[in-house]
Amino acid sequence: RLFMLFAAPPEKDLDWSDQGIEGTYRFLSRLWRLVQEIRELPSSPADTIPPSMQDFQRKLHQTIRKVTEDVDKRFRFNTAIAAMMELVNELYKLKETAKAPDEVQVMRRAVEHLLVMLSPFVPHIADELWSSLDGTGMLLDHAWPEFDPAWAEKVEVTIAVQVGGKVRATLTVAIDSPQEEVQAAALAEPNVIKHIEGKPIKKVIYVPNKILNLIV
């Protein structure tokens, strides 16, 4: 079921793939292990999000927004599933460093939201994992998580740096960064320096939050 929803959008034909089945099985196995590991960690609620967890909190709310919009508005189940897979990857990275009880609580809450969002796709596994976290009732009757627009707002973007029309580097910068800052960061990139090779820059084309093209 998860493979079929992930492999193609509803309006397109599905090509069966044994490798695709194996991939979704591995994802669900990783999710199962993640829930079992997090449920064993001591947690305690906190009034505020710990500073160490704020980047992840932002990622969580961005994921909730994407999944909600992909399911309700776009019917893009495959990209919604991909976003949840990415969140699981982030949780795996985080559990290696987040050990304080208030940090664990943020992860646990994220897992609860994740299970609710996964329940339309894999209802039986999601309900079983929900029960293992001492969740009450069935996920079918549970309210869909809501994203906080303030947390879901992007604060950084990735900009492609082109030299002569070919991408030579990428930069992660604050959203809406001015051209001067982006250009200065680009000119410090080793691969950009290599392809400019001391040549004068004849023209700079900057598309905010997307591309910086250096024409030499």
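None of the values given here were measured: they were computed from a predicted structure.

Visitor: Just give me the short version of the packing of helix α3 (residues 54-74) against helix α4 (residues 77-94), but keep the residues and values in it.
Guide: Here α3 crosses α4 at 165 degrees, and the two axes come no closer than 8 Å. On the basis of the axis angle, α3 is roughly antiparallel to α4. Seen from above, α3 lies across α4 with left-handed handedness. Residues F56, K59, L60, T63, K66, V67, D70 and V71 of α3 touch α4, and the partners they reach there are F77, T79, A80, A83, M84, E86, L87, E90, L91 and L94. The residue inventory of the contact of α3 with α4, partitioned by class, reads eleven nonpolar, two polar and five charged.

Visitor: Could you give me a rundown of a nonpolar patch on the surface, with the residues and numbers involved?
Guide: On the surface, a cluster of nonpolar side chains totalling about 390 Å² of accessible area is made up of M4, L14, W16 and I21. Relative to the helices and strands, L14 is located in the loop between α1 (2-7) and α2 (18-39).

Visitor: Account for the packing of α2 against α4, with residues named and values stated.
Guide: Running from N to C, α2 and α4 cross one another at 40 degrees; their axes reach a closest spacing of 11 Å. As judged from the angle between their axes, α2 and α4 are oblique. For the pair α2 and α4, the crossing hand works out as left-handed. Side by side, α2 and α4 meet where F27, R30, L31, R33 and L34 of the first sit next to M84, M85, V88, N89, L91 and Y92 of the second. Looking at the contact of α2 with α4 residue by residue, the classes come out as eight nonpolar, one polar and two charged.

Visitor: Give a detailed account of the environment of P200, specifying residues and quantitative values.
Guide: Tracing the sequence through the fold places P200 in the loop between α9 (190-196) and β3 (203-207). Residue classification places P200 among the exposed positions, given a relative accessible area of 61%. For the pair P200 and G23, spaced 177 residues apart in the sequence, the C-alpha separation amounts to 49 Å. Those residues in contact with P200 that sit more than four places away from it in its chain are I215 and V216.

Visitor: Pulling in residues and values, what's your account of the side chain of Q57?
Guide: Along the polypeptide, Q57 turns up in helix α3. For Q57, a relative accessible area of 10% corresponds to the buried category.

Visitor: Could you give me a rundown of the packing of aromatic side chains, with the residues and numbers involved?
Guide: Across all of its chains, the model carries three aromatic pairs by this definition. On the basis of an interplanar angle of 80 degrees and a centroid distance of 5.2 Å, the ring pair of F3 and W16 is categorised as edge-to-face. Residue F3 is located in helix α1, and its partner W16 is located in the loop between α1 and α2; the two are separated by 13 residues in the primary sequence. Consider the rings of F77 and F121, whose centres lie 6.1 Å apart with planes at 70 degrees: the pair is edge-to-face. With F77 in helix α4 and F121 in the loop between α5 (101-118) and α6 (123-132), this residue pair connects regions lying 44 residues apart in the sequence. Judged by its relative accessible area of 3%, F121 is buried. Above the ring of Y92, the side-chain terminus of R30 is found at 4.2 Å from the ring centroid.

Visitor: Before we move on, could you go through the pairing of strand β4 (residues 211-215) and cite the residues and values that matter?
Guide: Pairing between strand β1 (residues 156-163) and β4: four bridges, direction parallel. Paired with Q162 across the two strands is N213, which belongs to β4. Where β3 lies against β4, five bridges are found, and the strand directions are antiparallel. In the sheet register, V204 faces β4, and the bridge partner there is L214. Between β3 and β4, which pair antiparallel and follow one another directly, the connecting turn spans three residues, one of which, N209, has a positive phi of 70 degrees.

The rules behind the values
- Residues numbered from 1 in each chain as written.
- Predicted model: local features only at pLDDT ≥ 70, side-chain atom pairs only at ≥ 80, totals over all residues.
- Heavy atoms only, no water.
- Axes fitted to C-alpha atoms, helices over the stretch in contact; angles between N-to-C directions.
- Helix = DSSP H or I, 4+ residues; strand = E, 2+ residues; numbered from the N terminus.
- Parallel < 35°, antiparallel > 145°, perpendicular 65-115°, else oblique.
- Left-handed = near helix turned anticlockwise from the far one by under 90°.
- Contact = heavy atoms within 4.5 Å.
- Nonpolar A, V, L, I, M, F, W, Y, C, P; charged D, E, K, R; others polar.
- Patch = residues over 30% accessible without salt bridge, like charges linked within 9 Å, V, L, I, M, F, W, Y side chains within 5 Å.
- Areas by Shrake-Rupley, 256 points an atom, 1.4 Å probe, with all protein chains shown as cover.
- Salt bridge = Lys/Arg side-chain N within 4 Å of Asp/Glu carboxyl O.
- Buried < 20%, exposed > 50% of the residue type's maximum accessible area, 1.4 Å probe, protein only.
- Phe/Tyr/Trp six-rings, centres within 6.5 Å; stacked < 30°, edge-to-face > 60°.
- Lys NZ or Arg CZ within 6 Å of the ring centre and 35° of its normal.
- Pairing = 2+ DSSP bridges.

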